[in-house]
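Fold and geometry: a report
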Amino acid sequence: MLGRNTGHSRPYGRNPYYGYDRIDQHPFLLGQPADGRLPPMERVLSVTLGGQSRIYPFRELSAQPVVNDRLNGTGFVVFAVGRLLSVLDDESIRESKALVEATAWKNTTSSYPEELTFSLVGSEIRDDQTDSVWNVLGEAVDGRLRGSRLEPLDSGVHFAFAWLAFNPETDIHSSGESD
């Protein structure tokens, strides 16, 4: 069992790097100029399929929380409907700003092998083909496909400067674009 009584004075719940993720900051470990296509500290969701990558800026996902897309010939969906606290925003983590919770999924299931498209209807993610309700974890929680799961994609959340420093050929998603 984990506990706070470790014999050492530690300010658990306090962030020694608060303010690090402010979008206008220059990353302290980046000695070269950052890729100018996005603010360096913009958080992004990366998706990689068949050796090709695309990133989804969180500011775009905040405005468009469900994105149906294609990359390298494969259809998929990005969900960004949940919220998580940033551990790098405020000195007190519980006072930190909320960020989108972004995930990426293949848009077929074993029980429905045709491609599904998804929409945000009120606060629910629904597929347009069966009107089933999905959660951010890729599980149908209501409707005809209840209990079905979408397959997760190779994806992750990063700061734009870090992803683009190692993957400069990456496409950046912009509303209305797809493969």
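Everything discussed here concerns the structure shown above.
Report follows, based on the coordinates. (Residues numbered from 1 in each chain as written. Predicted model: local features only at pLDDT ≥ 70, side-chain atom pairs only at ≥ 80, totals over all residues. Heavy atoms only, no water.)

1. With respect to the sheet that holds strand S7 (residues 124-127)
Heads up, the rule is: In this analysis, strands are considered paired if DSSP registers two or more bridges between them. Secondary structure elements follow DSSP: runs of H or I of four or more residues count as helices, runs of E of two or more count as strands, with numbering from the N terminus.
Strand order in the open sheet formed by 4 strands is S6-S7-S8-S9, with antiparallel pairing between adjacent strands. Of all strands in the sheet, those with a lone pairing partner are strand S6 (118-121) and strand S9 (140-142), marking the two edges.

2. Considerations on the pattern of salt bridges
Note the following rule: By definition, a salt bridge exists where a carboxyl oxygen of Asp or Glu is found within 4 Å of a side-chain nitrogen of Lys or Arg. Accessibility here uses a 1.4 Å probe with only protein chains present; expressed as a share of the type maximum, an area under 20% marks a residue as buried, one over 50% as exposed, and anything in between as partly exposed.
For the structure on display, the rule yields 7 salt bridges. Residues glutamate 42 and arginine 59 are paired through a salt bridge, measuring 3.0 Å at the closest nitrogen-oxygen approach. Residue glutamate 42 is found in the segment before strand S1 (43-49), and its partner arginine 59 is found in helix H1 (residues 58-63); the two are separated by 17 residues along the sequence. For glutamate 42, a relative accessible area of 3% corresponds to the buried category. For arginine 59, a relative accessible area of 47% gives the class partly exposed. Here glutamate 124 ties to arginine 126 by a salt bridge, and the two come within 2.8 Å at their closest N and O atoms. Judged by relative accessible area, which is 19%, arginine 126 ranks as buried. Counted as one network, the salt bridges with shared partners bring together Arg54, Asp69 and Asp171.

3. Focus on the sheet that holds strand S2 (residues 52-57)
Spatially, 4 strands are ordered S10-S1-S2-S11 in an open sheet, and the strand pairing comes out mixed. A strand with exactly one partner marks an edge of an open sheet, and here the two such strands are strand S10 (154-159) and strand S11 (171-172). Looking at chain direction, S1 and S10 are connected through 6 bridges and run antiparallel. Across the sheet, residue threonine 48 finds its bridge partner in S10, namely aspartate 154.

4. What about the packing of aromatic side chains?
Ring pairs (aromatic) are described by centroid distance and by the angle formed between their planes. Quick reminder of the rule: Only Phe, Tyr and Trp rings take part, Trp by its six-membered ring, and two of them pair if their centres are within 6.5 Å. Stacked means planes under 30 degrees apart, edge-to-face means over 60, and tilted covers everything else.
In the structure shown here, the tally under the stated rule is 4 aromatic pairs. Aromatic side chains phenylalanine 159 and phenylalanine 161 sit 6.3 Å apart centroid to centroid with 25° between the ring planes, which places their arrangement in the stacked category. In this structure, phenylalanine 159 and phenylalanine 161 share a single accessibility class: buried.

5. Things to note about the environment of tyrosine 56
Selection criterion: Residue contacts follow a heavy-atom distance rule, with two residues in contact if any of their heavy atoms lie within 4.5 Å.
Looking at the secondary structure, you find tyrosine 56 in strand S2. Assessed through its relative accessible area of 0%, tyrosine 56 is described here as buried. Taking the C-alpha atoms as reference, tyrosine 56 lies 8.5 Å from arginine 43; in sequence the two are 13 residues apart. Dropping the residues within four chain positions of it, tyrosine 56 is found in contact with Arg43, Val44, Leu45, Val47, Leu61, Val67, Asp69, Phe76, Val78 and His173.

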